[in-house]
Amino acid sequence: MSAYITAQITIHDRETYSKYEAGFMDIFAPHGGKLLAVEEAPMVLEGDWDCTRTIVAEFPDRESALAWYRSDDYQTLMQHRLAASTGSIALLSGLPT
């Protein structure tokens, strides 16, 4: 069953964040990850949306998503994101087809 990562990120240092972006796909794609949406100006239908970037990504399953997130390569790369932004990230289970 598919799994999804959703992230709401507030970037405060674009130069450092660009280091994260530069290495992201090389680590993400081998785990079966697929970016479904990356948006900096979403149309907010309800509530507050204070982040500067929203991401939705799909993985074949939870195990693949967690293998990517917990990988040594991603944990190293993630340090650029942590230095350049704040955010919330969640792992969601897809619905059965």
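Keep in mind that this is a model prediction, so the values were computed, not measured.

About the criteria used
The numbering scheme is per chain: residues are counted from 1 as the chain's sequence reads. For this predicted model, a pLDDT threshold of at least 70 governs which residues receive local features, and a threshold of 80 or more governs which side-chain atom pairs are given and counted, while totals over whole chains, interfaces and linings are taken from all residues. Side-chain calculation: all heavy atoms of the structure are included, whereas hydrogens and water are not. A fitted line through C-alpha atoms serves as each axis, taken over the contacting stretch for helices, and the angle formed by two N-to-C directions is quoted from 0 to 180°. In this text, helices come from DSSP runs of H or I with a minimum length of four residues, and strands from runs of E with a minimum of two, each type numbered from the N-terminal end. Roughly parallel refers to an angle under 35 degrees, roughly antiparallel to one over 145, roughly perpendicular to one between 65 and 115, and oblique to any angle outside these ranges. Two residues form a contact once any of their heavy atoms are found within 4.5 Å. As a working rule, the residues Ala, Val, Leu, Ile, Met, Phe, Trp, Tyr, Cys and Pro are called nonpolar, Asp, Glu, Lys and Arg charged, and the rest polar, with Gly in that last group. Expected helix span is taken as 1.5 Å per residue step, with the number of steps being one fewer than the number of residues. Here the bend at each residue means the angle between axes fitted to two seven-residue stretches, the one ending at that residue and the one beginning there. The classification of residues rests on relative accessible area computed with a 1.4 Å probe and restricted to protein chains. Under 20% of the type maximum is buried, over 50% is exposed, and intermediate values are partly exposed. We define the nonpolar core as a collection of buried residues of types Ala, Val, Leu, Ile, Met, Phe, Trp, Tyr and Cys that are connected through side-chain atoms lying within 4.5 Å of one another.

(A) Focus on the packing of helix α2 (residues 62-70) against helix α3 (residues 72-84). In the contact formed by α2 and α3, the axes pass within 5 Å of each other and the chain directions differ by 55°. As summarised for this structure, α2 and α3 are arranged oblique, according to the angle between their axes. Where α2 approaches α3, its residues Trp-68, Tyr-69 and Arg-70 are matched on the opposing element by Asp-72, Tyr-74, Gln-75 and Met-78. For the contact of α2 with α3, the residue count by class is 4 nonpolar, 1 polar and 2 charged.

(B) Representation of α3 within the structure. Taking 1.5 Å of rise per residue, 13 residues should cover 18 Å, and α3 covers 19 Å from first to last C-alpha, within 8% of that figure. Its axis deflected by about 25° at Met-78, α3 carries its strongest bend there. Those residues of α3 that sit buried are Tyr-74, Leu-77, Met-78, Arg-81 and Ala-84. Residues of α3 that are buried sit in contact with β1 (3-11), α1 (14-28), α2 and β4 (85-93).

(C) Representation of the nonpolar core within the structure. If you look at the biggest cluster of nonpolar residues, it comprises 18 residues, and the most contacted ones within it are Phe-24, Trp-68 and Tyr-74. Among the elements of the structure, β1, α1, β3 (53-59), α2 and α3 are those that each provide at least two residues to this core. Ranked by residue count, the leading element in this core is α1, at 5 residues. When sequence neighbours within four positions are dropped, the list of residues in contact with Tyr-74 reads Tyr-20, Phe-24, Ile-27, Trp-68, Tyr-69 and Arg-81.

It is worth stressing that arrangement in space is one thing and function is another; only the former is reported here.
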